[in-house]
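Chains, contacts and geometry: an overview
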Amino acid sequence: MEPAARRTARDERPQAPWGSFPLTELTIFVGLVMLIVGFASGGVSGRLTIAVGIVLAALGGLELAIREHFRGYRSHSALLALACAIFAAALAYALAIVLFGSVVPLVPVATAIVVFVPVLVAMRNAFKRASGGLSFRIGRLRG
């Protein structure tokens, strides 16, 4: 049985390394503002603003998911594995364009699948270690 102090620490949302400054929330907010501005402006610059807004908002959310996952607060195994798979697929797509000038759609999809499965297993194992053996933790549900 674990000491009560340690159990209580796991039940509290993990603090950011930069303290109480709301960097994650500001990043997501700026991303959302850029999305709105991008949709309102249109054109090529609007599409670029939308893309940057999506990336900023996603990075803010991903940072929170990483922090919660590796401290054993909430399991975000599938989300983190999907983020890695999307990054790998985008990299495969870009490399295929640079090296061959075109892309067979199966290549990025296959790359994403090949990356997703082992990363999902690794993320589940990492959460089990961080949470003291739980395989998931959602709200009050624990498994």
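The structure reproduced in this document is the subject of the present report.

One pass over the full model with this rule turns up two salt bridges. With a shortest N-O distance of 2.8 Å, Glu68 and Arg13 are connected by a salt bridge. With Glu68 in helix α3 (residues 43–70) and Arg13 in the loop between α1 (4–11) and α2 (23–41), this pair connects stretches of sequence that are 55 residues apart. We classify Glu68 as buried; its relative accessible area is 4%. Owing to a relative accessible area of 48%, Arg13 belongs among the partly exposed residues under this scheme. With its nearest N and O atoms 2.9 Å apart, the salt bridge here joins Arg67 to Glu63.

Before going further, it helps to examine a nonpolar patch on the surface. A surface patch of nonpolar side chains, amounting to about 710 Å² of accessible area, comprises Phe87, Leu91, Leu95, Val98, Leu99 and Phe100. Secondary-structure assignment places Phe87 in helix α4 (residues 77–100).

If you look at the biggest cluster of nonpolar residues, it comprises five residues: Ala65, Leu80, Ala81, Val119 and Met123. Elements with a contribution of two residues or more to this core: α4 and α5 (106–131).

The next point concerns α3. Spanning 28 residues, α3 covers 40 Å between terminal C-alpha atoms, matching the ideal 40 Å at 1.5 Å per step. Listed in full, the buried residues belonging to α3 are Gly46, Thr49, Ile50, Gly53, Ala57, Gly60, Ala65, Arg67, Glu68 and His69. Where the residues of α3 are buried, they touch α2, α4 and α5. In the segment just after α3, Gly72 is the residue with positive phi, at about 80°.

Further remarks concern the packing of α3 against α4. Direction vectors running N to C along α3 and α4 enclose 130°, while the axes themselves pass 10 Å from each other. Taken as axis vectors, α3 and α4 run oblique relative to one another. Classified by chirality, the crossing of α4 by α3 is left-handed. Where α3 approaches α4, its residues Leu62, Ala65, Ile66, His69 and Phe70 are matched on the opposing element by Ser77, Leu79, Leu80 and Ala83. In terms of residue class, the contact of α3 with α4 is made up of seven nonpolar, two polar and no charged.

In this fold, Arg67 is placed in helix α3. In this structure Arg67 comes out as buried when scored by relative accessible area, which is 13%. At 2.9 Å, the side chain of Arg67 and the side chain of Glu63 are in polar contact. Excluding its chain neighbours within four sequence positions, the residues that come into contact with Arg67 are Pro14, Gln15, Ala16, Pro17 and Thr24.

About the criteria used
Residues numbered from 1 in each chain as written. Predicted model: local features only at pLDDT ≥ 70, side-chain atom pairs only at ≥ 80, totals over all residues. Heavy atoms only, no water. Salt bridge = Lys/Arg side-chain N within 4 Å of Asp/Glu carboxyl O. Helix = DSSP H or I, 4+ residues; strand = E, 2+ residues; numbered from the N terminus. Buried < 20%, exposed > 50% of the residue type's maximum accessible area, 1.4 Å probe, protein only. Patch = residues over 30% accessible without salt bridge, like charges linked within 9 Å, V, L, I, M, F, W, Y side chains within 5 Å. Areas by Shrake-Rupley, 256 points an atom, 1.4 Å probe, with all protein chains shown as cover. Core = buried A, V, L, I, M, F, W, Y, C linked by side-chain atoms within 4.5 Å. Expected span 1.5 Å × (residues − 1). Contact = heavy atoms within 4.5 Å. Axes fitted to C-alpha atoms, helices over the stretch in contact; angles between N-to-C directions. Parallel < 35°, antiparallel > 145°, perpendicular 65-115°, else oblique. Left-handed = near helix turned anticlockwise from the far one by under 90°. Nonpolar A, V, L, I, M, F, W, Y, C, P; charged D, E, K, R; others polar. Polar contact = N/O pair within 3.5 Å; in protein donor to acceptor, adjacent residues only side chain to side chain.

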